[in-house]
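Okay, here's what each chain looks like letter by letter:
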Amino acid sequence: MSRMRKIIATRMVESLQTSAQLTSVVEVDVSGIAAVRKQAGLSFLPYFALAAVQALAEHRIVNASIVPETHEVEYHPAVHLGIAVDTARGLMVPVIRDAGDLDLRGLAAAIDDVAARTRDNKLKPDEGSGGTFTITNTGSRGALFDTPIINAPQSAILGTGAVVRRPVAVTGVGGAERVEIRSMVYLALSYDHRLVDGADAARFLVAVKDRLEASRS
């Protein structure tokens, strides 16, 4: 094992040993985003990131941490967003500071920037730590969803699956149902059950889902 792989292995095991982790999943119709994202020159990831950051402002418990020494809850006043990046050296998580201050294009530019510099080993020393919430884009390699491990001491991590075109039952005007080909994605939230209850996780995921399904640009 390389030195980086040893560090990753140690941190993942420590995360599982120190927190009560489980995962909730929702299915999201992102057909509206699929219709406009290519024209905007964007991937799905910045849309997922923006919806998550906006939802965190309303569901602060998901953007909080347990202080190990005192067992107090620390509510973070800002969202410092970790983005899991697949590199030749292993999985790394650079941090976008104050992600809540960025709009869609600002987030897209920030994600592209930190991902490129992470792969080129050009991150600044303070960009590799201090995150309050993490997104891992497991769908970039075709996975429908997984159960990501929390990036301790954070309380949650969001996994975004592959966007798949498939038949879906749609309810139209008047309640009539029909089948349409839609762009669908699974979002998986792993969370620390010591701090976040299942209802909290569900409310957060539904808030993300509602934003994505309402998004058109």
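Bear in mind the structure is a predicted one, so any value in this text is a computation, not a measurement.

**Regarding the environment of D113**
Moving on, step 1. Locating D113 in the fold gives a position in helix α4 (residues 104–119).
Moving on, step 2. Along the backbone, D113 and V36 are 77 residues apart, and their C-alpha atoms lie at a distance of 22 Å.

**Overview of the pairing of strand β11 (residues 177–192)**
Moving on, step 1. Relative to β11, strand β1 (residues 21–29) runs antiparallel, the two sharing nine bridges. Across the sheet, S24 pairs through a bridge with L189, a residue of β11.
Moving on, step 2. When strand β9 (residues 156–160) meets β11, the two strands line up antiparallel, connected through five bridges. Counterpart to G159 in the pairing with β11 is A188.

**Some words on a nonpolar patch on the surface**
Moving on, step 1. Judged by side-chain polarity, V25, L144 and F145 come together as a nonpolar surface patch covering roughly 260 Å² of accessible area.
Moving on, step 2. Tracing the sequence through the fold places V25 in strand β1.
Moving on, step 3. Assessed through its relative accessible area of 40%, V25 is described here as partly exposed.

**Details of the packing of helix α3 (residues 45–58) against α4**
Working note: a packed helix pair is described by the angle between its axes plus the distance between those axes.
Moving on, step 1. At a closest axis distance of 9 Å, the pairing of α3 and α4 adopts a crossing angle of 115 degrees. Remark: the crossing between α3 and α4 carries right-handed chirality. Taken together, the residues of α4 that come into contact with α3 (itself represented by L45, P46, Y47, A49 and L50) are L104, L107, A108 and I111.
Moving on, step 2. Looking at the contact of α3 with α4 residue by residue, the class counts come to nine nonpolar, no polar and no charged.

**So, the packing of α3 against helix α5 (residues 198–214)**
Moving on, step 1. Put simply, α3 and α5 touch, their axes get as near as 9 Å, and they point 130 degrees apart. Taken together, the axes of α3 and α5 lie oblique to each other. Seen from above, α3 lies across α5 with right-handed handedness. For the pair α3 and α5, the contacting residues are Y47, F48, A51, A52, Q54, A55, L56 and E58 in the first and F204, A207, V208, R211 and L212 in the second.
Moving on, step 2. A class-by-class count of the residues in the contact of α3 with α5 yields ten nonpolar, one polar and two charged.

**Remarks on the environment of I8**
Moving on, step 1. Inspection of the secondary structure puts I8 in helix α1 (residues 3–18).
Moving on, step 2. In this structure the C-alpha to C-alpha distance between I8 and G90, which are 82 residues apart in sequence, comes to 7.9 Å.
Moving on, step 3. Those residues in contact with I8, other than ones at most four positions away along the chain, are G90 and L91.

**Thoughts on the side chain of H76**
Moving on, step 1. Position of H76 relative to the elements: it lies in the loop between β3 (73–75) and β4 (81–83).
Moving on, step 2. Classification of H76 by relative accessible area gives buried; the value is 15%.
Moving on, step 3. A distance of 2.9 Å separates a polar atom in the side chain of H76 from a polar atom in the side chain of S65.

Conventions and cut-offs
Residues numbered from 1 in each chain as written. Predicted model: local features only at pLDDT ≥ 70, side-chain atom pairs only at ≥ 80, totals over all residues. Heavy atoms only, no water. Helix = DSSP H or I, 4+ residues; strand = E, 2+ residues; numbered from the N terminus. Pairing = 2+ DSSP bridges. Patch = residues over 30% accessible without salt bridge, like charges linked within 9 Å, V, L, I, M, F, W, Y side chains within 5 Å. Areas by Shrake-Rupley, 256 points an atom, 1.4 Å probe, with all protein chains shown as cover. Salt bridge = Lys/Arg side-chain N within 4 Å of Asp/Glu carboxyl O. Buried < 20%, exposed > 50% of the residue type's maximum accessible area, 1.4 Å probe, protein only. Axes fitted to C-alpha atoms, helices over the stretch in contact; angles between N-to-C directions. Left-handed = near helix turned anticlockwise from the far one by under 90°. Contact = heavy atoms within 4.5 Å. Nonpolar A, V, L, I, M, F, W, Y, C, P; charged D, E, K, R; others polar. Parallel < 35°, antiparallel > 145°, perpendicular 65-115°, else oblique. Polar contact = N/O pair within 3.5 Å; in protein donor to acceptor, adjacent residues only side chain to side chain.

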